[in-house]
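# Descriptive structure summary
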Amino acid sequence: MSAASNGHGPVTGSQRVKRGLADMLKGGVIMDVIDPEQARIAEEAGAVAVMALERVPADIRRDGGVARMSDPEMIESIIEAVSIPVMAKARIGHMVEAQVLQHLGVDYIDESEVLTPADEANHIDKQPFTVPFVCGATNLGEALRRISEGAAMIRSKGEAGTGNVVEATRHMRAITSGIRRLTQLDAAELHTAAKELAAPYDLVAEVAELGRLPVVLFTAGGIATPADAAMMMQLGADGVFVGSGIFKSGDPVKRGRAIVEATTHFEDPEVVARVSRALGEAMVGIEIDTIPPEQRYAGRGW
Amino acid sequence: MTRLPGERLDRRPGAAADVADDVPLVGVLALQGDVLEHTWALMAVGLRPVPVRTPAQLDAVAGIVLPGGESTAISRALARSGLDAPLAVRLREGMPVLGTCAGLILLSDELTGEDDALPRPGGLAVRTRRNAYGPQTASFDVRFDVAGVEGGPMEASFIRAPRIEAVLDPSVEVLASVEGAPVAVRQGPIVAMTFHPEVAGDHRLHAMLGDLVRAGAGR
C-alpha cells in the first residue's frame, strides 16, 4: 500500500488494529461452524464472526484422538461464504498452523485448548504475526501471560463441548475478581501480585489502573441457552463464543438468533424470556464431575 | 443508565465525570460494536452520552453515534429491537449523527453489490463497498489531515474498513481522502468516516458532532 495523501504512510499489524477488531466484535456472538451453509445461517442469525472448524468441540470430545487445525479448503470455503470475520483454531504452541491460517487470510486465530496442544510448555509467540490472536484463560494470571505473548483478545476457557456453563462462570469470576482485587492494591503490593500471578509487572499495573483487561474479554465454553449468554454478559463479558450449543441443538436457526438477541439485551429479562420460548431441544449437557481430569480441556495451556 | 458490555469493570478516569444537566444528551447506538470507546469520546468532548437500545431511549437524545461493529449484525439488531423505523425518521428530520465504519455503511444510500440489500437507514449520498481493503491482515493505522479539524493530522485505524466508491450528491463535503478515496465526509447533519478515530483516542470529529448538536438545540 502506498503512502496516504498526507501525514504518515499506513502501518498494518499494529497492536491497535489487532485489538481494534476485537473492539468491533463487542456485544456480539461468535459461532462455531463446520461448513458454508452453517456459516450463512450464523450470519443470518446476527453473528459478528464465525469460527471455522471441522468438528465442533462436542464431537471432538466424543471422537477423541488428536484434534488439529482444519483443512485449508474447508476454511477457505467459509471465508468465501460470509462477509463477517472468519476465525480459525491453531493448536497451542503450533506456530506453523498459525502461519498457515494467516496465509489463508483468516481474520483472527484462536490458539485453542480445544485442539490437542502441540507444545506442552510454550504458547505461540504471537507478537510477530499480522493477524490477531484470541486465547483462552481460566484466571487473571493466565490471561495476562497470553496478552504478554501478543494475544489481542481473551476468552474464558469454560469447558468446551459440554453445554454446561459452570466452568465459564468460574473462569469469568476468577478473571473479574482478580481484576477488582488489583485495583485495591498499593504500588508495593502490585509487585508482589505480579509475582503471584506469574505475569509481567507492567501489565499488572496497567490492569490495576484501568480496572479491566487492556484487551476485549469474551466468554466461551459451555454456553447453550440465551440465558447462559446473558448471564455471562452480566458477569462482565464483552461478548460470547458459542461452540456446540447452536448447531448441536434441535433448531439452530432459532436458537442462534435467540442467543444473539439475549446477548444484545442482556439486562432485559423480558427480551431473554421472549427469545427463550419454544426453542426446541438444547444440546445435551455433561456434568463436569463425570469428565476424567485428563479429558478436561481447560487444564491445557500454561 | 443501561450498562454496556464490559462496563462494570471500567474505571477509566472521566467515566464518571459529572456533566451539567443542560448539556444535550447524545446517544450511542448500543446494539453491538465499540460502544464504550464512543461513550468515552463523547465524554471527552463535554457531551452527555447515553446508550440507545430501545425506541424510548432514542426519543430522549439530540444526536446519535452509529458505532463501529459488524454492519450485518447491527442491521439485524436494529430491526429486531424495533429501532429501524424510528431511527430512520429521526435521521430524516435532521438529527445530527456521527457514523464510523459500520455506522457509515448503515448511513450509505448505496452499497456495492449484494450488500445493497442490507436494511439500513441511509441518508448519506455515497456509494460504499464493505470490507474493501481485504481481510484483517490488511487493516492499517494511518495519519492524515481532515478539513475543519485543527491541531494536526488525525489518528486513524482502518479495521476491515469500507471504501467510499462514489459521492452521489454535490452537497456531500469530502473532509479527507486516502489513496484518492474519501474517508471522512459531511452532508448537512451527517458526519461519517470509514475509519475509527475512537480506537485511536482522537476525539476531534466527536467535537464536530457536538457543535452540530448544540447548533440544532439552539434552533
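This structure is a prediction, so every number in the text was calculated from the model and none was measured. (Residues numbered from 1 in each chain as written. Chains lettered and ligands numbered in written order. Predicted model: local features only at pLDDT ≥ 70, side-chain atom pairs only at ≥ 80, totals over all residues. Heavy atoms only, no water.)

## A word on the pattern of salt bridges
Residues and elements named next belong to chain A. Inspection of the entire model under this criterion finds 31 salt bridges over all chains. Of the charged contacts in the structure, one is a salt bridge between Lys-26 and Asp-23, with a shortest N-O distance of 3.5 Å. As far as burial versus exposure is concerned, Lys-26 and Asp-23 are alike and both buried. Where Glu-142 meets Lys-157, a salt bridge forms, and the shortest distance between an N and an O atom there is 2.6 Å. On the criterion of sequence distance, the pair formed by Glu-142 in helix α6 (residues 140-149) and Lys-157 in the loop between β7 (153-156) and α7 (166-182) is long-range, its members being 15 residues apart. What makes Lys-157 buried here is its relative accessible area of 2%. (Salt bridge = Lys/Arg side-chain N within 4 Å of Asp/Glu carboxyl O. Buried < 20%, exposed > 50% of the residue type's maximum accessible area, 1.4 Å probe, protein only. Helix = DSSP H or I, 4+ residues; strand = E, 2+ residues; numbered from the N terminus.)

## Comments concerning the packing of helix α12 (residues 252-264) of chain A against helix α13 (residues 269-276) of chain A
All names here are of chain A. Relative orientation of the contacting elements α12 and α13 amounts to 175 degrees, with a least axis distance of 9 Å. Of the possible angle classes, the one that applies to α12 and α13 is roughly antiparallel. Between α12 and α13, the contacting residues are Ala-258, Glu-261 and Ala-262 on the first element and Val-271, Val-272, Arg-274 and Val-275 on the second. Of the residues belonging to the contact of α12 with α13, the class tally is 5 nonpolar, no polar and 2 charged. (Axes fitted to C-alpha atoms, helices over the stretch in contact; angles between N-to-C directions. Parallel < 35°, antiparallel > 145°, perpendicular 65-115°, else oblique. Contact = heavy atoms within 4.5 Å. Nonpolar A, V, L, I, M, F, W, Y, C, P; charged D, E, K, R; others polar.)

## Looking at the side chain of Arg-90 of chain B
Residue position: Arg-90 of chain B is located in helix α4 (residues 84-92). For the buried Arg-90 of chain B, no salt bridge is present, and the opposite-charge side chain at shortest range is Glu-93 of chain B, 4.0 Å distant. (Lys, Arg positive; Asp, Glu negative; His and termini not counted.)

## A short note on the interface of chain B and chain A
Facing 54 residues of chain B, the contacting portion of chain A comprises 62 residues. Carbon and sulfur atoms supply 51% of the area buried between chain B and chain A, which totals about 4600 Å² over both sides. Among the ionic pairs, Arg-16 of chain A bridges to Glu-155 of chain B, the shortest N-O distance being 3.3 Å. Where chain B meets chain A, there are 23 residue pairs in polar contact (both at pLDDT 80 or more). Mapped onto the side of chain B that touches chain A, the elements with two or more residues apiece are α1 (35-44), α3 (71-80), β7 (140-144), β8 (154-158) and β10 (173-178) of chain B. No other element matches β7 of chain B, which puts 5 residues into the side of chain B that touches chain A. For the side of chain B that touches chain A, the class distribution of residues is 20 nonpolar, 15 polar and 19 charged. Where strand β1 (residues 11-12) of chain A lies against β7 of chain B, 2 bridges are found, and the strand directions are antiparallel. Note on β7 of chain B: the bridge partner recorded for Thr-12 of chain A is Phe-140 of chain B. (Buried area = accessible area lost by both parts, 1.4 Å probe. Polar contact = N/O pair within 3.5 Å; in protein donor to acceptor, adjacent residues only side chain to side chain. Pairing = 2+ DSSP bridges.)

## Considering empty space enclosed by the protein
Residue and element names in this part refer to chain A. All told, the structure shown has 7 cavities of 30 Å³ or more when counted by the stated rule. Here the largest cavity defines a volume of roughly 180 Å³. Looking at the lining of the largest cavity, the elements with two or more residues in it are β9 (239-242) and α11 (244-247). A class-by-class count of the residues in the lining of the largest cavity yields 9 nonpolar, 7 polar and 6 charged. (1 Å grid on protein atoms, 1.4 Å probe; cavity = no way out; pocket = protein on both sides within 12 Å on 5 of 7 lines; lining within 4 Å. Points joined across faces, edges and corners; volume = space filled by probe spheres on them.)

## Describing the packing of α6 of chain A against helix α9 (residues 201-210) of chain A
Residues and elements named next belong to chain A. At their nearest, the axes of α6 and α9 sit 10 Å apart, and the two run at 115 degrees to each other. When the axes of α6 and α9 are compared, the crossing they make is right-handed. Here Leu-144, Ile-147 and Ser-148 of α6 lie close against α9, whose contacting residues are Leu-203, Val-204 and Val-207. Residue composition of the contact of α6 with α9, grouped by class: 5 nonpolar, 1 polar and no charged. (Left-handed = near helix turned anticlockwise from the far one by under 90°.)

## What about the sheet that holds strand β5 (residues 108-112) of chain A?
Residue and element names in this part refer to chain A. Ordered by their spatial adjacency, 8 strands build a closed barrel running β2-β3-β4-β5-β6-β7-β8-β9, and the pairing between neighbours is parallel. For this sheet the average axis-to-axis angle between neighbouring strands, irrespective of direction, equals 30 degrees. Pairing between β7 and strand β8 (residues 216-219): 3 bridges, direction parallel. Paired with Ile-154 across the strands is Leu-217, a residue of β8. Helix-sheet contacts for helix α5 (residues 95-104) involve β4 (86-91), β5 and β6 (133-137), and the interaxial angle to β4 is about 160 degrees.

## Quick notes on the pairing of β5 of chain A
Residue and element names in this part refer to chain A. In terms of residue burial, β5 counts as a mostly covered element, since 5 of its 5 residues are buried. On β5, burial covers both faces: Tyr-108, Asp-110 and Ser-112 on one face and Ile-109 and Glu-111 on the other are all buried. In terms of strand pairing, β4 meets β5 through 5 bridges, oriented parallel. For Ala-90, the partnering residue across the bridge sits in β5 and is Glu-111. Crossover β4 to β5 through α5 is right-handed. Here β5 pairs with β6 via 3 bridges, running parallel. Paired with Asp-110 across the bridge in β6 is Val-134. (Right-handed = clockwise from strand over helix to strand, strands pointing away.)

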